[in-house]
Amino acid sequence: LPPGWKIYVKEHWAQSYLFGIAFSPFRPRGYFTAVAQLPNVQIIPQNINTFTLIEKCRAVATITGTAGWEGLMQSKPAIVFGHPWYLNCPGVFMVKNLADCRQAFAVINAGLLIDQPKIIHYLTCFGAASFLGYLATFQKPAANIDPEANKINLINVLNNELNSYTV
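So, a few notes on the structure that sits alongside this text. (Residues numbered from 1 in each chain as written. Predicted model: local features only at pLDDT ≥ 70, side-chain atom pairs only at ≥ 80, totals over all residues. Heavy atoms only, no water.)

### Looking at the overall build of the protein
Heads up, the condition is: Working definition: helices are DSSP H or I runs of at least four residues, strands are E runs of at least two. Numbering for both runs from the N terminus. The quantity called the radius of gyration is restricted to C-alpha atoms. Its globule counterpart is 2.2 Å times the number of residues to the power 0.38. In what follows, residue pairs with any heavy atoms lying within 4.5 Å of each other are defined as contacts. Methods summary: accessible areas were calculated by the Shrake-Rupley approach with a probe of 1.4 Å, and residue burial reflects only the protein chains presented. We score Asp and Glu as negative and Lys and Arg as positive, and we do not count His or the chain ends. Here the site of a charge means atom NZ of a Lys, CZ of an Arg, CG of an Asp or CD of a Glu.
Within the protein, the secondary structure is distributed over eight helices and five strands. In the protein, the succession of α and β elements from N to C terminus is β-α-α-β-α-β-α-β-β-α-α-α-α. Against the globule reference of 15 Å for 167 residues, the protein gives a C-alpha radius of gyration of 19 Å, more extended than a compact globule. Reported as C-alpha extents along the three principal axes, the dimensions of the protein are approximately 55 × 40 × 30 Å. A fraction of 38% describes how many contacts in the protein between residues 6 or more apart in sequence connect residues 24 or more apart. Accessible surface, the protein as shown: approximately 11,800 Å² in total, 60% of it carbon and sulfur. With 12 positive and 8 negative side-chain charges, the protein shows a spacing of 12 Å between the two charge centroids.

### A few points about the nonpolar core
Where we set the bar: Residues belong to a common nonpolar core when they are buried Ala, Val, Leu, Ile, Met, Phe, Trp, Tyr or Cys residues joined through side-chain atoms within 4.5 Å. We call a residue buried when its accessible area falls under 20% of the maximum for its residue type, exposed when it is over 50%, and partly exposed in between, using a 1.4 Å probe and counting protein chains only.
Membership of the largest hydrophobic core is limited to eleven residues, which are Trp 69, Leu 72, Ala 78, Val 80, Tyr 86, Leu 87, Cys 89, Val 92, Ile 114, Ile 119 and Tyr 122. Sequence-distant contacts of Ile 119, that is, excluding residues within four places in its chain, are made with Trp 69, Leu 72, Met 73, Cys 89, Pro 90 and Ile 114.

### A short note on the packing of aromatic side chains
Each pair of aromatic rings is reported with the distance of its centres and the angle of its planes. The test is simple: Stacked, edge-to-face and tilted are the three classes for Phe, Tyr and Trp ring pairs, Trp counted by its six-membered ring, which pair at centre distances within 6.5 Å; planes under 30 degrees apart are stacked, over 60 edge-to-face, the rest tilted.
Throughout the structure, instances matching the rule amount to seven aromatic pairs. Summarising the aromatic geometry, the rings of Trp 69 and Tyr 86 are spaced 5.9 Å apart at their centres and angled 45° between planes, so their arrangement reads as tilted. With Trp 69 in helix 4 (residues 66–73) and Tyr 86 in the loop between strand 4 (78–80) and strand 5 (92–94), the pair connects residues that are 17 residues apart, well separated along the chain.

### Looking at a nonpolar patch on the surface
Definition in use: Here, patches come from residues exposed beyond 30% relative accessible area and free of salt bridges, joined within 9 Å for like charges and within 5 Å for nonpolar side chains (Val, Leu, Ile, Met, Phe, Trp, Tyr). When a carboxyl oxygen of Asp or Glu lies within 4 Å of a side-chain nitrogen of Lys or Arg, that pair is called a salt bridge.
On the surface, Met 73, Trp 85, Ile 120, Leu 123 and Phe 126 cluster together into a nonpolar patch covering about 440 Å² of accessible area. Sorting elements by how many residues they give to the nonpolar patch places helix 6 (residues 116–128) first, with three residues. Within the element layout of this structure, Leu 123 appears in helix 6.

### Brief notes about the sheet that holds strand 5
The criterion, for reference: Two strands qualify as a pair provided that DSSP identifies no fewer than 2 bridges between them. Fitted lines through C-alpha atoms give the axes, limited to the stretch in contact for helices. The angle between two N-to-C directions lies from 0 to 180 degrees.
Read across the open sheet, the three strands follow the order 3-4-5; overall the sheet is parallel. Every other strand in the sheet has two partners, leaving strand 3 (60–62) and strand 5 as the edge strands with one partner each. Strand-to-strand, the axes of this sheet are offset by a mean angle of 20°, without reference to chain direction. The pairing of strand 3 with strand 4 spans three bridges and is parallel.

### Remarks on the packing of helix 4 against helix 6
Inclusion rule: In these notes the angle categories are as follows: under 35 degrees is roughly parallel, over 145 is roughly antiparallel, 65 to 115 is roughly perpendicular, and the rest is oblique. Residue polarity is assigned by list, with Asp, Glu, Lys and Arg as charged and Ala, Val, Leu, Ile, Met, Phe, Trp, Tyr, Cys and Pro as nonpolar; anything else, Gly included, falls into the polar class.
Contact geometry of helix 4 with helix 6 gives a least axis separation of 10 Å together with a crossing angle of 130°. It follows that helix 4 is oblique to helix 6 by the angle criterion. Contacts between helix 4 and helix 6 pair Trp 69, Leu 72 and Met 73 from the former with Gln 116, Ile 119 and Leu 123 from the latter. Residue composition of the contact of helix 4 with helix 6, grouped by class: five nonpolar, one polar and no charged.

### Observations concerning the pattern of salt bridges
Evaluation of the coordinates by the stated rule reveals one salt bridge. Lys 151 is paired through a salt bridge with Glu 148; the nearest N and O atoms lie 3.4 Å apart. Of this pair, Lys 151 and Glu 148 both sit in helix 8 (residues 147–163), three residues apart, which is roughly one turn of that helix. Taking the relative accessible area as the measure of exposure, Lys 151 reaches 45% and is therefore partly exposed.

No statement about biological role is implied by the geometric values presented.
Structural data, given as structure tokens:
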């Protein structure tokens, strides 16, 4: 971490939703004890408001979580360790290794400013490249579209994409 930085770790509520805070099959025994002992790291209770944390932070780090997007909406850079839908948005740093992490912190620490119009442009392009529908059954409730309409929308998108290529 750059000098003066601190990491605040807030576990996602779903990690303890099914099993309670005393046990999680998603974290090895002693995980939070080990994390809490790291220098410049503090565990935050799950009931602390995420938006308040984001408001006071310099950057948000997540694997693929919504908190990264919420940070961008508050002009905070997002450091991501996975592949969220907003991965290519300006202000997002994808970290695959230690060198990527150091580079992200160097850019952010140097005073990176998030350009909100670029984020709006990203959303416009993202919307233009999207379609109403779902690819996996678990996504069906969020799409709020019947299976037949979903099938038609998906076929249309694929046909349009295939027709756009010239051989």
